[in-house]
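# Chain and residue survey
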Amino acid sequence: MTLLGPSGCGKTTTLRMVAGLIEPTSGRISFDDRDVTSLPPRKRNIGFVFQTPALFPHLSVADNVGFGLSVKGAQKDAIRARVDEMLTLVELTGYGARLPAQLSGGQQQRVALARVLATDPTVLLFDEPLSALDRNLRDTLKYSILDLQRKTRKTAIYVTHDQSEAFAISDRIVVMNAGRIEQIGTQTDIYLHPETSFVAEFIGANNGLRGKVTGVDGTGDEPFVTFVADGLTLRSRARRGLSVGQAVVGYIRPENVAVVTDGAEGEYDNVVEGVIDRLIFEGATAQLRVDVGGRELRADVTGNERLTLIERHGRVRLGFSEVTLIPATDDRAPADEDAVDA
């Protein structure tokens, strides 16, 4: 499970409460059926991986990995065997005699992982362990962490503000904002079905259009809601609980917006017209920014079409069908009872 959110939202505070480093003002913390709320960290059997490896510089890799076991009084032969097992697990076989200074940043973080796993913790806690590494190392090591979790089958709680990390390794994601849980779900739940304005705006890119519901068609196989936003009359597949006159925000993912060619208007529930403001070529994609009645809409274009748009100017039509409607008050309050205090 990953705790995802902006700086200051309470991710690390929550993690430190689980670890026993901060005492909660209310509520209980349990590992399975065992209440650990009053237990000190050393008695919770947790493994904590910090932002920096924090290895002992004067100890070898093997001694760093075996340090926790030696503190617990394990026999030397048992420690040696466990260290070899852990170094193999993190793909550092043969590195035991080296000092931390002789390792790269990614290798040092692998040693930190091995040190934590050596004591066989009940719960693994990760506090932005990749934030100090460069992008290539982060991309490599995040999958290593995922593989380790799958192999050891340990319960793991991971803290990050990086959405790509959260989406790459998580079974479930907890999106947090100002000390509260906004939404819990899988990657697809959160990306495709955001429950609050905060989630819709924080996860990925989105075009947001504020307006009011003007019609609700609750019949048929695919009921629709009609809403007016910035002078545009748009349609969206119905969201339960919306009513005529209700203030809403319609969110449209840029990758779901297409440039409409002649004769293709019927393929989309909504077609709008505007003037190309700018195009930002990003290699695999091109960001098309279009002024639609004073409101900028973004479309992410891929394939050969992105190349044909580079020299295009003037008016263009955009089509889209996928619109997520969220009550406008959701950016100030939880969507429902599923939003709880962290």
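Residues numbered from 1 in each chain as written. Predicted model: local features only at pLDDT ≥ 70, side-chain atom pairs only at ≥ 80, totals over all residues. Heavy atoms only, no water.

### Quick word on the sheet that holds strand 6 (residues 155–160)
Put simply, the rule is: A pair of strands is labelled paired if DSSP reports no fewer than 2 bridges between them. Strands are runs of DSSP state E lasting at least 2 residues, helices are runs of H or I lasting at least 4, and numbering of each runs from the N terminus. The axes are straight lines fitted to the C-alpha atoms, using for helices just the contacting stretch, and the angles between their N-to-C directions are given from 0 to 180°. Any two residues whose heavy atoms approach within 4.5 Å are treated as being in contact.
Here 6 strands make up an open sheet; going across it, the order is 4-5-6-1-7-8 and the pairing mixed. In this open sheet, the two edge strands, each paired with only one partner strand, are strand 4 (46–49) and strand 8 (180–185). On average, adjacent strands in this sheet sit at an angle of 20° to one another, irrespective of strand direction. Relative to the sheet, helix 1 (residues 11–19) contacts strand 1 (2–4), strand 4, strand 5 (123–127), strand 6 and strand 7 (173–177), its axis offset from that of strand 5 by approximately 150°.

### A look at the packing of aromatic side chains
Heads up, the condition is: In this scheme Phe, Tyr and Trp rings, the latter by its six-membered ring, pair at centre separations within 6.5 Å, and the angle between planes marks the pair as stacked below 30 degrees, edge-to-face above 60, and tilted otherwise. Burial status follows relative accessibility: with a 1.4 Å probe on protein chains alone, a residue under 20% of its type maximum counts as buried, one over 50% as exposed, and anything between as partly exposed. Lysine and arginine charges are scored as sitting over a ring when NZ or CZ, respectively, is within 6 Å of the ring centre and within 35 degrees of the ring normal.
Tallied over the full model, the rule gives 5 aromatic pairs. Between the aromatic rings of phenylalanine 167 and tyrosine 191, the centroid separation amounts to 6.3 Å while the plane-to-plane angle is 85°, which identifies the pairing as edge-to-face. Residue phenylalanine 167 is found in helix 6 (residues 163–169), and its partner tyrosine 191 is found in helix 7 (residues 187–192); the two are separated by 24 residues along the sequence. Arranged with centres 5.4 Å apart and planes meeting at 10°, the rings of phenylalanine 198 and phenylalanine 202 form a pair that is stacked. Here phenylalanine 198 pairs with phenylalanine 202, and both are found in helix 8 (residues 197–202), just 4 residues apart, close to one helical turn. The same class applies to phenylalanine 198 as to phenylalanine 202, namely buried. Positioned above the aromatic ring of phenylalanine 224 is the side chain of arginine 235, whose terminal nitrogen or guanidinium carbon lies 4.1 Å from the ring centre. In this arrangement the basic side chain of arginine 253 is found over the ring face of tyrosine 191, its NZ or CZ atom lying 3.9 Å from the centre.

### Side note on the packing of helix 4 (residues 105–118) against helix 5 (residues 135–152)
The following threshold applies: In this scheme, roughly parallel covers angles under 35 degrees and roughly antiparallel covers those over 145, while 65 to 115 is roughly perpendicular and the rest are oblique. In this scheme the crossing of two helices becomes right-handed for a clockwise turn of the near helix relative to the far one and left-handed for an anticlockwise turn of less than a right angle. Gly is put with the polar residues, along with every residue not named as nonpolar or charged; the nonpolar set is Ala, Val, Leu, Ile, Met, Phe, Trp, Tyr, Cys and Pro, and the charged set is Asp, Glu, Lys and Arg.
Close contact between helix 4 and helix 5 brings their axes to 11 Å; oriented N to C, the two are set at 20°. As judged from the angle between their axes, helix 4 and helix 5 are roughly parallel. The handedness of the crossing between helix 4 and helix 5 is right-handed. Every residue of helix 5 that contacts helix 4 at Gly106, Gln109, Arg110, Leu113 and Leu117 is listed here: Leu137, Thr140, Leu141, Ser144, Ile145, Leu148 and Thr152. Residues of the contact of helix 4 with helix 5, tallied by class, amount to 6 nonpolar, 5 polar and 1 charged.

### Quick look at the environment of leucine 309
Relative to the helices and strands, leucine 309 resides in the loop between helix 9 (305–308) and strand 17 (315–320). Of the residues examined, leucine 309 reaches a relative accessible area of 3% and is grouped as buried. With near-sequence residues (within four places) excluded, leucine 309 lies in contact with Val259, Leu279, Leu288 and Val301.

### Looking at the nonpolar core
We apply this condition: As used in this record, nonpolar core signifies buried Ala, Val, Leu, Ile, Met, Phe, Trp, Tyr and Cys residues forming a set joined through side-chain atoms within 4.5 Å.
Counting 30 residues, the largest nonpolar core has Val65, Val111, Leu113 and Phe126 as the members making the most contacts within it. Those elements that provide at least two residues to this core are helix 2 (61–71), helix 3 (76–89), helix 4, strand 5, helix 5 and strand 6. It is helix 4 that contributes the most residues to this core, 7 residues altogether.

### Focus on a nonpolar patch on the surface
The condition that has to hold: Residues forming no salt bridge and having over 30% relative accessible area are the ones grouped into patches, like charges within 9 Å of each other and nonpolar side chains (Val, Leu, Ile, Met, Phe, Trp, Tyr) within 5 Å. Using the Shrake-Rupley algorithm and a 1.4 Å probe, accessible areas are obtained, with residue cover drawn only from the displayed protein chains. For salt bridges, the criterion is a side-chain nitrogen of Lys or Arg within 4 Å of an Asp or Glu carboxyl oxygen.
Together, Phe281, Leu307 and Ile310 line one region of the surface with nonpolar side chains, adding up to about 260 Å² of accessible area. Structurally, phenylalanine 281 is set in strand 14 (residues 270–281). On the basis of relative accessibility, which here comes to 43%, the residue phenylalanine 281 falls in the partly exposed class.

### Section: the pairing of strand 10 (residues 224–229)
When strand 9 (residues 207–217) meets strand 10, the two strands line up antiparallel, connected through 6 bridges. The residue bridging valine 213 from the neighbouring strand is phenylalanine 227, located in strand 10. Summarising the sheet, strand 10 and strand 11 (residues 232–237) pair through 6 bridges and their orientation is antiparallel. The residue of strand 11 that forms the bridge with phenylalanine 227 is leucine 234.

### Let's talk about the environment of threonine 12
We apply this condition: In protein, a polar contact requires one atom able to donate a hydrogen and another able to accept it; more generally it is a pair of N or O atoms within 3.5 Å, and residues adjacent in sequence count only if both atoms are side-chain atoms.
By the secondary structure assignment, threonine 12 is in helix 1. When the C-alpha positions of threonine 12 and alanine 238 are compared, they lie 37 Å apart, and in sequence the two are 226 residues distant. Not counting the four nearest positions on each side in its chain, threonine 12 is found in contact with Asp127 and Val159. Here the side chain of threonine 12 touches aspartate 127 through a polar contact of 3.1 Å, side chain to side chain.

### Notes on unusual backbone geometry
Even without a glycine there, the phi angle at aspartate 120 is positive, about 55°. Counting through the fold element by element, aspartate 120 comes out in the loop between helix 4 and strand 5.

### Observations concerning helix 3
Our working definition: To estimate how far a helix should reach, multiply one less than its number of residues by 1.5 Å. In this description, the arc belongs to the directions extending from the helix axis to the C-beta atoms.
Along its 14 residues, helix 3 runs 20 Å from first to last C-alpha, staying within 8% of the 20 Å computed at 1.5 Å per residue. The complete set of buried residues in helix 3 reads Ile79, Val83, Met86 and Leu87. Relative to the axis of helix 3, the buried residues are bounded by an arc of 100° and lie together on one face. Along its buried surface, helix 3 packs onto helix 2 and helix 4. Just downstream of helix 3 lies glutamate 91, where phi reads positive at about 60°.

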